[in-house]
Amino acid sequence: MPDQAAKAADACPSTEPAIRTIAMPADTNPHGDIFGGWLVCQMDLAGATVATRRAGGRTVTVAITAMEFHRPVCVGDEVSCYVAVERIGNTSITLKIESWARRGTGDAPIKVTEGVFTYVRVNADGRPQPIDP
């Protein structure tokens, strides 16, 4: 019997996704699966949206310190990226981003990736700027 902590960790977030998109044929590798880079791009878009709003200004991606691909994404999957703030530093914000896919007309989403992304707030010259607490 799976333990409750592991089961809770695999529950789809109850918040609204930061981004939702459909995986298309142009985004596949020769085997018909969606490229991992396409999925990382969707996650980065979702994270940048949340980071920019929370930081109150322009942000740039400075690190992806963890990335796990759990399951492949298939053509036609509805992919939703959920973002949670893990840490806010002086100029940086670290986010945990999970991607969930809903296959075809199914209702049950499955976790396909998760990662930890760090963004830094910058000014027009690209220099780090403080984030209000």
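A few points on the structure. Worth saying up front: this structure is predicted, and the values here are computed from it rather than measured.

1. A word on the overall build of the chain
Stage number 1. In terms of helices and strands, the chain carries two helices and five strands.
Stage number 2. The order of α-helices and β-strands along the chain, N terminus first, is α-β-α-β-β-β-β.
Stage number 3. Considering only C-alpha atoms, the chain reaches an extent of 45 × 40 × 25 Å along its principal axes.
Stage number 4. Out of the 133 residues belonging to the chain, those deemed buried represent 32%.
Stage number 5. Pairs at least 24 residues apart make up 67% of the contacts formed inside the chain by residues separated by at least 6 positions.

2. Observations concerning the nonpolar core
Stage number 1. Formed by Met43, Ala46, Ala51, Ala55, Cys81, Val83, Ile93, Leu95, Ile97, Phe117, Tyr119 and Ile131, the largest nonpolar core amounts to twelve residues.
Stage number 2. Elements with a contribution of two residues or more to this core: α2 (36–55), β3 (78–88), β4 (92–102) and β5 (110–121).
Stage number 3. Of the residues forming this core, the biggest block, four residues, is contributed by α2.
Stage number 4. Once you skip the residues sitting within four places of it in the chain, Ile93 turns out to touch Ala51, Arg54, Val85, Arg87, Ile88, Phe117, Thr118, Tyr119 and Ile131.

3. Digging into the environment of Asp132
Stage number 1. By secondary structure assignment, the location of Asp132 is in the segment after β5.
Stage number 2. Sequence spacing of Asp132 and Arg54 is 78 residues, and the spatial spacing of their C-alpha atoms is 8.8 Å.

4. Things to note about α2
The periodicity of an α-helix, 3.6 residues per turn, causes residues three or four places apart in sequence to face the same way.
Stage number 1. With 20 residues, α2 extends 28 Å between its outermost C-alpha atoms, agreeing within 8% with the 28 Å of an ideal straight helix rising 1.5 Å per residue.
Stage number 2. Listing the buried residues of α2 in full gives Trp38, Leu39, Gln42, Met43, Ala46, Gly47, Ala51 and Ala55.
Stage number 3. Tucked into the core, α2 has its buried residues touching β1 (19–22), β2 (59–69), β3, β4 and β5.
Stage number 4. Gly56 sits one or two positions beyond α2 and adopts a positive phi of about 75°.

5. What about the side chain of Thr118?
Stage number 1. Mapped onto the fold, Thr118 is located in strand β5.
Stage number 2. At a separation of 3.3 Å, a polar atom in the side chain of Thr118 contacts the side chain of Thr94.
Stage number 3. With residues near it in sequence (within four places) discarded, Thr118 still touches Val60, Thr61, Val62, Ala63, Ser92, Ile93 and Thr94.

6. A look at the pattern of salt bridges
Stage number 1. Here the structure, examined in full by the defined rule, presents seven salt bridges.
Stage number 2. For Glu78, the salt bridge is made with Arg102, and the minimal N-O distance between the two is 2.6 Å. Taken together, the residues Glu78 in strand β3 and Arg102 in strand β4 connect sequence positions 24 residues apart.
Stage number 3. Between Glu98 and Lys111 there is a salt bridge, with its nearest N and O atoms 3.7 Å apart. Residue Glu98 is found in strand β4, and its partner Lys111 is found in strand β5; the two are separated by 13 residues along the sequence.

7. Quick word on the sheet that holds β1
Stage number 1. Reading across the sheet, the five strands line up as β1-β3-β4-β5-β2 and stay open at both edges, with antiparallel pairing between neighbours. Each edge of the open sheet is held by one strand with a lone partner, namely β1 and β2. Averaged over all adjacent pairs, the angle separating strand axes in this sheet is 25°, with direction ignored.
Stage number 2. Both β4 and β5 contribute to a ladder of ten bridges, which runs antiparallel. In the strand pairing of β5, Ser99 is matched with Thr113.
Stage number 3. The sheet strands contacting α2 are β1, β2, β3, β4 and β5, and the helix crosses β5 at an angle near 45°.

What counts and what doesn't
Residues numbered from 1 in each chain as written. Predicted model: local features only at pLDDT ≥ 70, side-chain atom pairs only at ≥ 80, totals over all residues. Heavy atoms only, no water. Helix = DSSP H or I, 4+ residues; strand = E, 2+ residues; numbered from the N terminus. Buried < 20%, exposed > 50% of the residue type's maximum accessible area, 1.4 Å probe, protein only. Contact = heavy atoms within 4.5 Å. Core = buried A, V, L, I, M, F, W, Y, C linked by side-chain atoms within 4.5 Å. Expected span 1.5 Å × (residues − 1). Polar contact = N/O pair within 3.5 Å; in protein donor to acceptor, adjacent residues only side chain to side chain. Salt bridge = Lys/Arg side-chain N within 4 Å of Asp/Glu carboxyl O. Pairing = 2+ DSSP bridges. Axes fitted to C-alpha atoms, helices over the stretch in contact; angles between N-to-C directions.

Read these as layout, nothing more, since geometry by itself doesn't imply function.
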